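Remarks on the overall topology
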Amino acid sequence: MTTHKLLLLPGDGIGPEAMAEVGKIVAVLNGAGGDRFETEEALVGGAAIDAHGVPVADRDMDRALKADAVLFGAVGGPKWDGVAYEIRPEAGLLRLRKDMALFANLRPAICYPALAEASSLKRELVDGLDILILRELTGGVYFGIPKEIVDLGEGQKRGIDTQVYETYEIERIARAAFEAARTRKGKVTSMEKRNVMKTGVLWNEVVSRVGRDEYPDVRLEHMLADAGGMQLVRAPKQFDVIVTDNLFGDMLSDIAAMLTGSLGMLPSASLGAPDAATGKRRALYEPVHGSAPDIAGQGIANPIAMIASFAMMLRYSFALMREADALEAAIAAVLESGTRTGDIMAPGCRQVGTAEMGDAVAAEFARRLAA
Ligand SMILES: NC(=O)C1=CN([C@@H]2O[C@H](COP(=O)(O)OP(=O)(O)OC[C@H]3O[C@@H](n4cnc5c(N)ncnc54)[C@H](O)[C@@H]3O)[C@@H](O)[C@H]2O)C=CC1
Ligand SMILES: CC(C)CC(=O)C(=O)O
Ligand SMILES: [Mg+2]
């Protein structure tokens, strides 16, 4: 029997609340007689700052590097707003992504049929929507140097962030996008701002070359990222795979969330390159949303983004396709039955809290696994 060792990093705010619901899914899997999941937990973000003075301790970074996969909740919150950039809770997440070399962030935006009414758009624009945003995750303006605030004297300061991309970074995320498109509808839309950014010019050039030389069977189109945002809310079904940089991908995926009904619905997978010898890749799975301080501690957060992130783990890290399909089908069935957290509530539905939603998905998942 195969055992998978998972590191759970619940973090802050609604992170631990949503992560607790994944525990119920793990319990179902461990009771089903297939692969086993062993979990250990560590602090990250504000919780780690409070306990260790840093947003991720070296010891825990080491555990993340050794784990078969990492499941991450969310970090941040007003308590740590005054903390310097380098030790803000979010810096822990950035270190995990960088040190684990997780360059490919897969953010699927799927509109479950039961939620088409909860979307910010009209039903016909989102019903059946299935987009994959591939966000470059270890480069760009979140990591470029210099990154500082310079004191200019006389009350003036200069804030500097630097956008840097090298050819190899664009090549590998482009390949990930083209590979994904081959398993889907065969179309990639690359978004940058080549009209005003040198990194945009290089991005466009490299993605075009990779597409032309290696993936002539995949349809490639280019869009300026601002117009891309507009198209995403005007006619989202025109897209299949969107490939874009770290900053644009961060923003476009939050926008895409509202097409699916709520930020509480969007999962993600952050993947590294496959190891040359073993073929294994480092991976971290997390919801797209943050720590949601406005609703934290109330037991009302939607745990579906977190549970669906675990489904992505089953699929991408462990090739447990049947289990992943069953978990996603369980989420769809629970939504279909009218069970809803507040963020996706609709007339005639039954409003539940975080724990009840987790119970409902776990029960439906157990039924489907046993079938
Ligand atoms: N991956 C991470 O750990 C991320 C952390 N953050 C951090 O989180 C903190 C809060 O950031 P915000 O801008 O408020 O973004 P957020 O994503 O935490 O919340 C935005 C809005 O969406 C709602 N929301 C988010 N997730 C939800 C869920 N599962 N169920 C129901 N409603 C949900 C929130 O209540 C809020 O109104 C900040 O410190 C930010 O830096 C933000 C994004 C990602
Ligand atoms: C720390 C931030 C970069 C987190 C965020 O907004 C995201 O990755 O979506
Ligand atoms: Mg974000």
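For clarity, every value in this text was computed on a predicted model and none was experimentally measured.

Conventions adopted
- Residues numbered from 1 in each chain as written.
- Chains lettered and ligands numbered in written order.
- Predicted model: local features only at pLDDT ≥ 70, side-chain atom pairs only at ≥ 80, totals over all residues.
- Helix = DSSP H or I, 4+ residues; strand = E, 2+ residues; numbered from the N terminus.
- Buried ≥ 20, exposed ≤ 12 C-beta atoms within 10 Å, placed from the backbone.
- Contact = placed C-beta atoms within 7 Å.
- Near = placed C-beta within 6 Å.
- Nonpolar A, V, L, I, M, F, W, Y, C, P; charged D, E, K, R; others polar.
- Axes fitted to C-alpha atoms, helices over the stretch in contact; angles between N-to-C directions.
- Parallel < 35°, antiparallel > 145°, perpendicular 65-115°, else oblique.
- Left-handed = near helix turned anticlockwise from the far one by under 90°.
- Domains from an automatic or database assignment.
- UniProt positions renumbered as here; feature names shortened; annotations may be inferred.
- Pairing = 2+ DSSP bridges.
- Core = buried A, V, L, I, M, F, W, Y, C linked by C-beta atoms within 7 Å.
- Expected span 1.5 Å × (residues − 1).

1. Let's talk about the overall build of the chain
Along its length, the chain carries 12 helices and 14 strands. Here the chain, with 371 residues, has 47% of them falling under the buried criterion. Across the chain, the fraction of contacts at a sequence separation of at least 24, relative to all contacts at a separation of at least 6, is 73%.

2. Concerning the site of ligand 1
Lining the immediate environment of ligand 1, one finds 22 residues, of which Gly76, Gly264, His289, Gly290 and Asn302 sit closest. Partitioned by chemical class, the residues of the shell around ligand 1 number 10 nonpolar, eight polar and four charged.

3. Overview of the site of ligand 2
In the neighbourhood of ligand 2, the contacting residues comprise Glu90, Leu93, Tyr142, Asp250 and Val288. Partitioned by chemical class, the residues of the shell around ligand 2 number three nonpolar, no polar and two charged.

4. Here's the deal with the packing of helix H1 (residues 14-30) against helix H10 (residues 304-316)
Interhelical geometry of H1 versus H10 gives an angle of 45 degrees and a closest axis separation of 8 Å. Put simply, H1 runs oblique to H10. For the pair H1 and H10, the sense of crossing is right-handed. Where H1 approaches H10, its residues Ala18, Met19, Glu21, Val22 and Ile25 are matched on the opposing element by Met306, Ile307 and Phe310. For the contact of H1 with H10, the per-class residue count stands at seven nonpolar, no polar and one charged.

5. Thoughts on the domain arrangement of the chain
Bring the parts together and some accessible area is lost; that lost area is often taken as the interface size. What the domain assignment reports for the chain is domain 1 (1-107 + 263-371) and domain 2 (120-260). In this structure, domain 1 and domain 2 have C-alpha centres spaced 24 Å apart. Counting residues per element, the ones that place at least two in the side of domain 1 that touches domain 2 are helix H4 (89-99) and strand E4 (104-110). Counting residues per element, the side of domain 1 that touches domain 2 draws most heavily on E4, at four residues.

6. Thoughts on the UniProt feature "site: Important for catalysis" (unreviewed entry) in the chain
Mapped onto this numbering, the UniProt entry annotates "site: Important for catalysis" (unreviewed entry) at Tyr142 and Lys193. With respect to the helices and strands, Tyr142 occurs in the loop between strand E5 (130-136) and strand E6 (144-153). Here Lys193 shows up in the loop between strand E8 (187-192) and helix H7 (198-214). The class for Lys193 is partly exposed, based on 19 C-beta atoms found within 10 Å.

7. Notes on the pairing of strand E12 (residues 283-287)
Here E12 lies mainly inside the structure; five of its five residues are buried. The alternating pattern of E12 places Ala283, Tyr285 and Pro287 and Leu284 and Glu286 on opposite faces, both of which are buried. Here two bridges tie strand E3 (residues 69-74) to E12, and the two strands are oriented parallel to one another. If you follow Val70 over to E12, its bridge partner there is Leu284. Where strand E11 (residues 267-271) and E12 come together, five bridges link them in antiparallel fashion. When the sheet's bridge partners are listed, Ser270 is paired in E12 with Leu284.

8. A few points about the nonpolar core
One finds Leu71, Leu134, Ala177, Tyr285, Ile307 and Phe310 to be the most contacted residues of the largest nonpolar core, which totals 110 residues. Counting contributing residues per domain, this core is built from domain 1 (1-107 + 263-371) and domain 2 (120-260), each supplying no fewer than three. Contact partners of Leu71, with chain neighbours within four places excluded, come to Leu6, Leu8, Val22, Tyr285, Ser309, Phe310 and Met313.

9. Some thoughts on helix H9 (residues 246-260)
Here H9 spans 21 Å end to end across 15 residues, near enough to the 21 Å set by a 1.5 Å rise per residue. For H9, the full list of buried residues reads Asn246, Phe248, Gly249, Leu252, Ser253, Ala256, Ala257, Leu259 and Thr260. Its buried side turned inward, H9 meets E4, helix H5 (123-126), E5, E8, helix H8 (225-234) and strand E10 (241-244). Gly261 sits one or two residues past H9 and shows a positive phi near 120 degrees.

10. Here we look at the sheet that holds E4
With respect to topology, 10 strands assemble into an open sheet ordered E2-E1-E3-E12-E11-E4-E5-E10-E8-E9, the strand pairing being mixed. Looking at strand neighbours, the two that pair on one side only are strand E2 (36-41) and strand E9 (219-224), the edges of this open sheet. The average angle at which neighbouring strand axes cross in this sheet is 25 degrees, direction not considered. Note that E8 and E9 share six bridges and pair parallel. Considered in E9, the bridge of Ser190 is made with His222. Lying on the sheet, H8 is in contact with E8, E9 and E10; it crosses E9 at an angle near 105 degrees.

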